[in-house]
Amino acid sequence: MKIYEDIWFEDFTIGRVFRTKSRKISAKEIIAFGKDFAPLPYHTDPDEAKNFMFGELVAAGFHTCSISFGLFIESGIFDSCAMGSPGFNKLRWKKPVKPGDELSVEASVTDVSPARDKNDKNLISLLFQTHNQNNEVVLEMETRHFVRSRPKI
């Protein structure tokens with residue numbers, strides 16, 4: 001079930017905050033992502049992970065990033081308006097994500113810029129903050145997205 005529906009450029013006002021549902025992260029998915037995309041012992045082997053700075057298995061940073069963006073997309077915010085992204089301005093991993101952590105996202109609108117031509121590529125900037133079950137920020141990322149305007153009737 002989507003949290004948001006019928007969101008368009010006009011709905012992205014500076015200061016608006018979008019919140020997502022939460023998702024619990026398992027050791028199995030941390031290991032699978034680690035083996036495919038970040039094959040380091042602290043992402044792939046719970047026993048070997050004890051010998052590294054985290055002292056236990058932790059999710060790869062880009063795994064946390066992917067989960068965060070996935071939660072945002074699943075909420076329905078971009079269903080009507082998405083047109084792609086020119087990229088990130090900032091990406092920070094604030095705390096490690098561990099098996100059993102439950103993540104949710106708050107995305108705040110930080111800037112809006114209407115299209116300058118007839119291509120309808122309005123630009124928005126969002127500050128994502130991903131929280132764990134203890135309301136600790138585990139990830140911050142500033143992203144930019146092209147979004148469509150509400151169709152004129």
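Check the entry above for the structure.
What comes next concerns the included structure.

Definitions and limits used
Residues numbered from 1 in each chain as written. Predicted model: local features only at pLDDT ≥ 70, side-chain atom pairs only at ≥ 80, totals over all residues. Heavy atoms only, no water. Phe/Tyr/Trp six-rings, centres within 6.5 Å; stacked < 30°, edge-to-face > 60°. Helix = DSSP H or I, 4+ residues; strand = E, 2+ residues; numbered from the N terminus. Buried < 20%, exposed > 50% of the residue type's maximum accessible area, 1.4 Å probe, protein only. Axes fitted to C-alpha atoms, helices over the stretch in contact; angles between N-to-C directions. Left-handed = near helix turned anticlockwise from the far one by under 90°. Contact = heavy atoms within 4.5 Å. Nonpolar A, V, L, I, M, F, W, Y, C, P; charged D, E, K, R; others polar.

**Here's the deal with the packing of aromatic side chains**
One pair of aromatic rings is described through two measures. These are the centre distance and the angle between the planes. Applying the stated criterion across every chain yields a total of 11 aromatic pairs. Between the aromatic rings of Y4 and F18, the centroid separation amounts to 5.1 Å while the plane-to-plane angle is 75 degrees, which identifies the pairing as edge-to-face. Remark: F18 occurs in strand β1 (residues 17–19) and Y4 occurs in the segment before β1; sequence separation between them is 14 residues. For the residue pair Y4 and F18, the accessibility class agrees, reading buried in each case. Put simply, the rings of Y4, F12, F18, F69, F72, F78 and F128 pair up and form one aromatic cluster.

**Concerning the packing of helix α1 (residues 27–37) against helix α4 (residues 61–74)**
For the pair α1 and α4, the least separation of the axes is 10 Å and the interaxial angle reads 115 degrees. α4 is crossed by α1, and the crossing has right-handed handedness. Residues E29, I30 and F33 of α1 lie in contact with α4, whose contacting residues are F62, H63 and S66. For the contact of α1 with α4, a count of residues per class yields 3 nonpolar, 2 polar and 1 charged.

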